[in-house]
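Chain and residue survey
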Amino acid sequence: MDLKRLFKPESLAVIGVSLTNDGHPANVVYNKNYLRHQLHVYAVNNHGGSIRGERVYRKIADIPQMIDLALIAVKAELVPSVMVECIEAKVRGAVVVSGGFAETGAGKLQDELVSIAREAQFPFIGPNCLGVFAPPRIDTFFIPSERMVRPDTGRVAMVSQSGGVLADQMVKCAAEGVGLSVAVSIGNKALIKEADILRYFAEDPDTDVITFYVEGFGRNEGRDFVLAAGECSKPVIVLKTGKTPGGLKAVTSHTASMAGDYQVFSDIMAQKGIVEATDEFELVSFAEALSCYPKNIEGRVGIITGSGGHGALCVDACFSHGLTVPVFKESAQKELREMLSPAIRNIASCGNPIDLTGSSIDDDFLAAATRLSRNPDVDCIIILLLPYVPGVTMDLGARLGLVYQQEGKPLIAYVPHVEKYRMLVEGFNFNNMPVAHSVEDAVHMAEAMKRNRLC
Amino acid sequence: MLTKEMLAILSTGKDTDWIVEPEAKRLFALAGLDVPRFVWTSRTDEAIEFAREIGYPVVVKVVSPQVVHKSESGGVVTGVSGDEALIASLDRMRRIIGFAGVIVEETFAGIELIVGAKVDEQFGPIVLIGIGGTATEIYHDIALGMAPLGESETERMLKRLKGFPLLNGFRGTEPVNMKTLTTLVARFSDLVMDLEDVMESIDMNPVICSGDRCVVADARIMINPHSQ
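Residues numbered from 1 in each chain as written. Chains lettered and ligands numbered in written order. Predicted model: local features only at pLDDT ≥ 70, side-chain atom pairs only at ≥ 80, totals over all residues. Heavy atoms only, no water.

Residues and elements named next belong to chain A. Along the chain, the position of Ile237 falls in strand E13 (residues 236-240). You can call Ile237 buried: its relative accessible area is 0%. In the structure, Ile237 is positioned 45 residues away from Ile192 in sequence and 19 Å away in space, judged by C-alpha atoms. Non-local contacts of Ile237, meaning those with residues more than four positions away in its chain, are made with Val209, Ile210, Thr211, Phe212, Val275, Ala277, Leu283, Phe286, Ala287 and Leu290. (Helix = DSSP H or I, 4+ residues; strand = E, 2+ residues; numbered from the N terminus. Buried < 20%, exposed > 50% of the residue type's maximum accessible area, 1.4 Å probe, protein only. Contact = heavy atoms within 4.5 Å.)

The following block contains the structure:
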């Protein structure tokens, strides 16, 4: 099945708009796409009429243009017949927003939908979902625009079984400067499942990293997903809930008693080089790090700091996350020392961490980052940028960006995330470098790069 | 591919939903896994003859379709050092419920592992490797992987075990022959793929590994009661 028109449609029919209730989910979707998005949008309701001065079509077949995507927001029991009409009108796919299927016990109705779609090779997302958010082209989320926090357009695709969790992750992405190519809520995932979407985004030229929030896999669905991820050359990040040991049957074998759901999931993710996030914050941090640096590292970290305490915190965090902090050779330390400004030359610590002290200036950070970029003993740099150091300016982010552009070694920055330091953060972000909101978060990002692809 | 002989072995577990040790071992041997030399008999003279042939000390284990966990029922005696001890063990085991003979087999020394498998609802056949053999549930030092497993994937799984240094020759002990271990796990994982529809879980526990061999010292296969 070709999923392209689900994610990149040029025309949208919203089926089920209300002529009396402008708060109806279908109306919300119609209005936001009509006002703000690029595609052609048409309203459908079996009574006809008009909305915003535009015609409401009685049937999808009445629309004078070929429709790529139908958004179906009618009562559950009417969805199968509406889907048949879409198929007959040669619509390319659908998002079924309506609830009232397997999640309420109406599994039979859902099966009926799947068999109709499967027979016609008609892809649909849902039911019981928000669908696709991919501005400036389309947004099928029935959340009014003013209520949404919209991240920038970027190269991370976020897929979620829960619409609520997805909307919340988008808030976090916006706060962390993580841009999205698309956000998809797949709800009951009756037909299109994680593995299908993964295969699509593996080939999508606008996406570099794919994240999933998974509540559960059906029979062998996890296997299919893992195999699809194994073939995907882009980083795949997964956050899964429901990992606590389920109700085991009478345990007759050691293997069955020890292979609890949680470890099965974690170990298989590690086996196949899929990056497991353990909470929603990690998911966003990992997405940020891997969208900047999709290549695997061994995890030999060089640390640059203006505060000894932060350096020590960072070393501890590295060790507890399985990363190493190698000590630099005498010659490397000496070379760096000679490049430092006179004020700190005799007080800076040039081992690992490199502590430039509170008397350092921008040029010292640049010198240290350049030296470490060329030091083969480390494959990742964490730079702890504390803007309280008087010699550090707001230009340093962009200037370090230049070091990264020239040298190419992954560099993760920690900058306190408050409005006052925003320019410093953006200097990194505009150069496609991740900025952590805590020392621990910076270490998590490095760990994600280590876990990516290989365990 | 399951051969006719393998299918015949699997059909012996139909009524009890599990396959007793000697049959399970025969299946593993057919799949190319290393199992100890053993005899399955209820006759004392046959047991003695075999024990003398392979040399004492031997291991004696009860075979009973009604006893899944042999140790807990007094159904395992190791270090049986002569005819007299062998006769005594046999006499005791004849009193165990469902007695269907004993296994007499050669003794192995080495590092004990568990290698097992189950069919997971979400991921299909998965393989478990753990340190500790029969004490594995206490250490809970295990790594899991989705079958089939290649040898390099198996090696990465082993490296995730906290007890991995034990396999590598800890404090002067002989290191385990990694190649025999990874080959055993890889072949086992292929077998598990073939058994997906038949099995519920498998324990090879312990697998005893030394510098030259990795031997399946005990095994049982739990059959999926819903399979045909």
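Following the structure, the description resumes.
Here we take up the packing of helix H15 (residues 396-407) of chain A against helix H16 (residues 422-429) of chain A. Residue and element names in this part refer to chain A. At a minimum axis separation of 6 Å, H15 and H16 run at an interaxial angle of 15°. As far as their axial angle goes, H16 and H15 are roughly parallel. The two elements H15 and H16 meet at a crossing, and its hand is right-handed. Within the contact between the two elements, H15 uses Leu396, Gly397, Ala398 and Leu400 and H16 uses Leu424, Gly427 and Phe428. Of the residues belonging to the contact of H15 with H16, the class tally is five nonpolar, two polar and no charged. (Axes fitted to C-alpha atoms, helices over the stretch in contact; angles between N-to-C directions. Parallel < 35°, antiparallel > 145°, perpendicular 65-115°, else oblique. Left-handed = near helix turned anticlockwise from the far one by under 90°. Nonpolar A, V, L, I, M, F, W, Y, C, P; charged D, E, K, R; others polar.)

The next thing to look at is the interface of chain A and chain B. Taken residue by residue, the interface counts 30 residues in chain A and 37 residues in chain B. Contact between chain A and chain B buries roughly 2900 Å² in total, counting both sides, with carbon and sulfur atoms accounting for 52%. Broken down residue by residue, the surface that chain A buries against chain B is led by Arg223, His254 and Met258 of chain A, which jointly contribute 25%. On the surface where chain A and chain B come into contact, there are three salt bridges. At the junction of chain A and chain B, the tally comes to 13 residue pairs in polar contact (both at pLDDT 80 or more). (Buried area = accessible area lost by both parts, 1.4 Å probe. Salt bridge = Lys/Arg side-chain N within 4 Å of Asp/Glu carboxyl O. Polar contact = N/O pair within 3.5 Å; in protein donor to acceptor, adjacent residues only side chain to side chain.)

Applying the stated criterion to the full structure yields 13 aromatic pairs over all chains. Between Phe265 of chain A and Phe123 of chain B, the ring centres sit 6.4 Å apart and the planes meet at 50°, which makes this aromatic pair tilted. Of this pair, Phe265 of chain A sits in helix H9 (residues 261-271) while Phe123 of chain B sits in the loop between strand E6 (111-120) and strand E7 (124-131), on two different chains. Following the ring pairs from residue to residue traces out a cluster consisting of Phe212, Phe217, Phe225 and Phe265 of chain A together with Phe123 of chain B. Residue placement shows Lys240 of chain A over the ring face of Phe265 of chain A; its charged tip is 5.4 Å from the ring centre. The aromatic ring of Phe38 of chain B is capped on one face by Lys25 of chain B, whose charged end is 5.6 Å from the ring centroid. (Phe/Tyr/Trp six-rings, centres within 6.5 Å; stacked < 30°, edge-to-face > 60°. Lys NZ or Arg CZ within 6 Å of the ring centre and 35° of its normal.)

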